[in-house]
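Examination of the molecular architecture
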Amino acid sequence: MHAILIAIDFILVAVLAWFFIQNIRLNRALKEKNLQLEGTIKELKAAQVKLMESGKKGAVAALSAGLLHQISQPITAIHGFVRFMKKEMDINSPFYKPVCVMDEQSFYIKDMLANLMELIRHRTIQKAETSINAVIYKSINLLLDELRIRRIGWDMQLDEQQPVIYGDALHLQQVFMNLIVNAMEALSEVPHGLPRTLLITSKYDMDNKQVVIIFKDNGPGIPHEHQAKIFDPFFSTKPQGSGIGLALCHDLINEHAGNISVQSGREGTIFTLKLPCVRLEKVHQPR
């Protein structure tokens, strides 16, 4: 009888131990499932937000495009009429200078509206295998005279052996030229007599299979509190800035599955662009 009781106690202990072990395993499994569920919920919420933002952006873009089209027509007419007045007017007339100001401001509004239209519905992207260095050379060549006039010392350090990317050369040229123009405007604030420098670099990031393009200037820099908003539409640190250029750059680089970032301080500003490669073998990129 005593032996039977010992056996029963042993069985009960074994059963309790089994339940205890199973309970631990079940708790672990529940924790893992909860973590997975939390991750899934976060992904679904993020996807929902993206869909909502996409829908809002589409509606806003359509409405904005219509409004801009309606506004641009009278502005274009006003600008044409003012230019005609300026052409026919005697330069000694007391109204000549005010008309010149009207001409200048109407052109500014007309140009800003055109940039806004470009931001909202820019040309359909047409991707092909593209040499980043070739696009950089074209961009800098179009701005050489302006760089010389502003007495900006510029240099390029381009990796001549790097993979090509799959992109739209005209859109990328627009991005590069915009960044160069921004650098020139920043460098114009450097006191007379001090060096003004712009360095453009391209290299291949083998680990991430990306081409990296860097625009670095030694201008006064962008205040830290403004850097997070620098790519927002209509935000500008310049008094006469429309806040469209960098927003357009950000939009176009995103359409190339790349990213653009900014670092700025007392020693200048650095814009870094990263674009995925389409072929990983090295290719020669002529000027």
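Residues numbered from 1 in each chain as written. Predicted model: local features only at pLDDT ≥ 70, side-chain atom pairs only at ≥ 80, totals over all residues. Heavy atoms only, no water.

Turning our attention to the sheet that holds strand β8 (residues 268-276). With respect to topology, 5 strands assemble into an open sheet ordered β2-β5-β6-β8-β7, the strand pairing being mixed. Edge positions in the sheet fall to β2 (153-158) and β7 (259-265), since each has one partner strand and no second. Strand-to-strand, the axes of this sheet are offset by a mean angle of 15 degrees, without reference to chain direction. Judged from the 6 bridges that link them, β2 and strand β5 (residues 197-205) form a sheet pairing that is parallel. Directly across from M156, in β5, lies its bridge partner I200. Along the sheet, helix α3 (residues 132-142) contacts β2, β5, β6 (210-217) and β8; its crossing angle with β2, the most-contacted strand, is approximately 170 degrees. (Pairing = 2+ DSSP bridges. Helix = DSSP H or I, 4+ residues; strand = E, 2+ residues; numbered from the N terminus. Axes fitted to C-alpha atoms, helices over the stretch in contact; angles between N-to-C directions. Contact = heavy atoms within 4.5 Å.)

So, on to the packing of aromatic side chains. In total, this model carries 1 aromatic pair according to the counting rule given. Pairing F176 with F215 gives two aromatic rings, centres 5.7 Å apart and planes at 45 degrees, and the pair type is tilted. Pair noted here: F176 is in helix α5 (residues 169-187) and F215 is in strand β6, with a separation of 39 residues, a long-range link. Residue F176 shares its accessibility class with F215, and that shared class is buried. (Phe/Tyr/Trp six-rings, centres within 6.5 Å; stacked < 30°, edge-to-face > 60°. Buried < 20%, exposed > 50% of the residue type's maximum accessible area, 1.4 Å probe, protein only.)

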